[in-house]
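Here's the letter readout for the chains.
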Amino acid sequence: MKNFTIICATLLLFSSCKKNADEVTPDGRTLAAITLNDYFITSIAFDKKGNAWLGTLQQGLIKYDGVTAKIFDSSNSILTGAAIRDIEIDKTDNVWIGSDNLIKYDGSKFTRYEAQQFGLPKNAVQSIAIDASHNIWFSCSSFQSGGLVKYDGATFKTFTPANSKLPGNMVQSITINQSNEVWVALNDGVDEGSLAKIGADDIISVAGSKELGFKPYHFGNLVVNKNNELVASIDYGLSSLMITGRPQIFKFNGSKAQVVSLPDEQSLIYSTRSIYSDKNGNLWASFSSADKECGIFNGKEWKFIKLGTSGIFAFAENPNGEMWLGTGEGLYILK
């Protein structure tokens, strides 16, 4: 059996990068030099001690305290080379990892929740969220297969179109609002995206093109802003058409959708990768456009940051209010 001794690697954290240290961004923050160079960072979460837990595309899990990094991969843990799509931290600092399975790290050991062993519909986990009752909600799905799973620490409850009002199988993103309602974005084909809300007693209500006022092409991720509004991104990565004016981001209050306009969207082509809402209510968005790589929307106007990376794939705000941006080349911290 593999040795589970953690390798503590003191990395060359502040190596040369595309941006100079102490550069001031349009929102008045200081953009530090890139760190964790050459790691493709796909997800970020913080524990109660302020440690960052970073998922990567194929390089394992990183615990980073701001100075040193501990790397968990197939050489020292049960993690494989599969991408880590999402990370959430629960009230006792258990690290929940969405990868080729649901995986938990309790600070000393990893537990893998195999689909066959635990009666789950699929292995792949795209998104995780933890509600106020400490239930773990996670996707266990692929195209027209699997669904949503709720884990209360003892039992797993699966939601699919076959046994519930869930309108589709493929769960793209999950988030929890301030009312402890679970919102789920589902993609089971282009122009067939829908939203589902799971409320008290696991009652499901659905919002599709009729409620939204347009057909979402393909959902990206969901967040909840400080006004308890759901905010969703739309991903056009599967589209062969490069056209302007398509909805990229919208807010939804449960009954009405409002598209968030982007500057010059009738002449510029945007392709949204990820969105995030910070504690002050600012909306952060990453785009595939080299000229509009990272946007910050304060509710009135957009400001943009150009890092010169291959893309931003993860946002998170640490307890000190710093914004952490995970890119294909490493990590940027905005202080």
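Going by an unreviewed UniProt entry, the chain carries the name Two component regulator propeller and comes from Dyadobacter chenwenxiniae.

(A) How the structure looks around the overall build of the chain. Within the chain, the regular secondary structure consists of two helices and 30 strands. Relative to a compact globule of 335 residues, whose C-alpha radius of gyration would be 20 Å, the chain shows 19 Å and is just as compact. Its C-alpha atoms give the chain principal-axis dimensions of about 55 × 50 × 35 Å. By the burial criterion, 53% of the 335 residues in the chain qualify as buried. In the chain, the share of contacts with a sequence separation of at least 24, taken over all contacts with a separation of at least 6, comes to 44%. Of the roughly 15,000 Å² of accessible surface on the chain, a fraction of 47% belongs to carbon and sulfur atoms. Charged side chains in the chain number 31 positive and 34 negative. The centres of these two groups are separated by 2 Å.

(B) Just the sheet that holds strand S18 (residues 194-198), in detail. Here we have four strands laid out as an open sheet, ordered S16-S17-S18-S19, and antiparallel in their pairing. With one partner strand each, in any of the chains shown, strand S16 (171-176) and strand S19 (204-207) form the two edges of the open sheet. Taken pair by pair, the neighbouring strands of this sheet meet at an average axis angle of 20 degrees, ignoring direction. As judged from the five bridges shared by S16 and strand S17 (residues 182-186), these two strands associate in the antiparallel manner. Each bridged residue has a counterpart across the sheet, and for Ser173 the counterpart in S17 is Ala185.

(C) Here's a closer look at the pairing of strand S11 (residues 110-113). Bridge count between strand S10 (residues 102-105) and S11: four bridges; the pairing is antiparallel. Paired with Tyr105 across the two strands is Phe110, which belongs to S11. Joining the antiparallel neighbours S10 and S11 is a turn of four residues, in which Gly107 adopts a positive phi near 105 degrees.

(D) Summary view of the pattern of salt bridges. Applying the stated criterion across every chain yields a total of five salt bridges. Across the pair Asp100 and Arg112 runs a salt bridge, and its minimum N-O distance is 3.0 Å. Of the two residues, Asp100 is situated in the loop between strand S9 (95-98) and S10 and Arg112 in strand S11; the sequence distance between them amounts to twelve residues. With its nearest N and O atoms 3.6 Å apart, the salt bridge here joins Lys197 to Glu181. Remark: Glu181 occurs in the loop between S16 and S17 and Lys197 occurs in strand S18; sequence separation between them is 16 residues.

(E) Examining the environment of Thr68 more closely. You can see Thr68 is positioned in the loop between strand S6 (61-64) and strand S7 (69-72). On a C-alpha basis, the gap between Thr68 and Ser173 in space is 31 Å, while along the polypeptide they are 105 residues apart.

(F) Structural detail: empty space enclosed by the protein. Counting across every chain of the model gives one cavity of 30 Å³ or more. Estimates place the volume of the largest cavity at around 50 Å³. What lines the largest cavity is simply Ile243, Thr244, Gly245, Arg246, Gln248, Leu262, Glu265, Leu268 and Tyr270. Its residues assigned to classes, the lining of the largest cavity shows four nonpolar, three polar and two charged.

(G) Structural context of the pairing of S10. Residues Leu102 and Lys104 line one face of S10 and the alternating positions Ile103 and Tyr105 line the opposite face, and both faces are buried. The pairing of S9 with S10 spans four bridges and is antiparallel. Bridge pairing in S10 links Val95 to Tyr105. Count of turn residues in the S9/S10 antiparallel hairpin: three residues.

(H) View of the packing of aromatic side chains. Going through the model one piece at a time under the given rule, you end up with 27 aromatic pairs. Judged by centre distance (6.2 Å) and plane angle (50 degrees), the rings of Phe219 and Phe250 are tilted. Placement of the pair is Phe219 in strand S20 (residues 219-224) and Phe250 in strand S22 (residues 249-252), with a sequence separation of 31 residues. Assessed through its relative accessible area of 0%, Phe250 is described here as buried.

(I) Geometry of the nonpolar core. Grouped together as the largest cluster of nonpolar side chains are 17 residues, with contacts concentrated most on Leu195, Leu212, Phe219, Leu222, Leu230, Phe250 and Phe252. Mapped onto this core, the elements with two or more residues apiece are S17, S20, strand S21 (230-234) and S22. Grouped together as the second largest cluster of nonpolar side chains are 16 residues, Ile44, Phe46, Ala52 and Ala314 included.

(J) The sheet that holds S9, seen in detail. Reading across from one edge, S8-S9-S10-S11 is the order of the four strands in this open sheet, with antiparallel pairing throughout. For this open sheet the edge positions go to strand S8 (86-89) and S11, each flanked by a neighbour on one side alone. With strand direction ignored, the average angle separating the axes of adjacent strands in the sheet is 20 degrees.

Reading the values: the criteria
- Along each chain, the written sequence defines residue order, and numbers are assigned to residues from 1.
- Residue-level local features of this predicted model are given only where pLDDT is at least 70; pairs of side-chain atoms are given and counted only at 80 or more, and the full residue set underlies all totals for whole chains, interfaces and linings.
- Note: side-chain values were computed over all heavy atoms of the structure, leaving out hydrogens and water.
- Under the DSSP-based scheme used, a helix requires at least four consecutive residues in state H or I and a strand at least two consecutive residues in state E, with every element numbered from the N terminus.
- Each radius of gyration reported is based on C-alpha atoms, and the globular scaling rule is 2.2 Å times the count of residues to the power 0.38.
- Only protein chains enter the calculation, and the probe is 1.4 Å; a residue is then buried if its accessible area is under 20% of its type maximum, exposed if over 50%, and partly exposed in between.
- Residue contacts follow a heavy-atom distance rule, with two residues in contact if any of their heavy atoms lie within 4.5 Å.
- Under the convention used here, a 1.4 Å probe and the Shrake-Rupley method define accessible areas, while residue burial counts only the protein chains that appear.
- Charged residues are defined here as Lys and Arg on the positive side and Asp and Glu on the negative side; His and the ends of the chain fall outside this count.
- Here the site of a charge means atom NZ of a Lys, CZ of an Arg, CG of an Asp or CD of a Glu.
- By this definition, two strands are paired if DSSP reports at least two bridges between them.
- A fitted line through C-alpha atoms serves as each axis, taken over the contacting stretch for helices, and the angle formed by two N-to-C directions is quoted from 0 to 180°.
- In the sections that follow, a salt bridge refers to a side-chain nitrogen of Lys or Arg positioned within 4 Å of a carboxyl oxygen of Asp or Glu.
- Of the two site types, the cavity is a set of points on a 1 Å grid over the protein atoms alone where a 1.4 Å probe fits but cannot get out, and the pocket is an open set with protein on both sides within 12 Å along at least five of seven lines, each lined by residues with an atom within 4 Å of a point.
- Grid points are joined across faces, edges and corners, and a volume is the space filled by probe spheres set on the points.
- Polar here means any residue other than Ala, Val, Leu, Ile, Met, Phe, Trp, Tyr, Cys and Pro, which are nonpolar, and Asp, Glu, Lys and Arg, which are charged; Gly is therefore polar.
- Stacked, edge-to-face and tilted are the three classes for Phe, Tyr and Trp ring pairs, Trp counted by its six-membered ring, which pair at centre distances within 6.5 Å; planes under 30 degrees apart are stacked, over 60 edge-to-face, the rest tilted.
- The criterion is simple. A nonpolar core is a set of buried Ala, Val, Leu, Ile, Met, Phe, Trp, Tyr and Cys residues joined through side-chain atoms within 4.5 Å.

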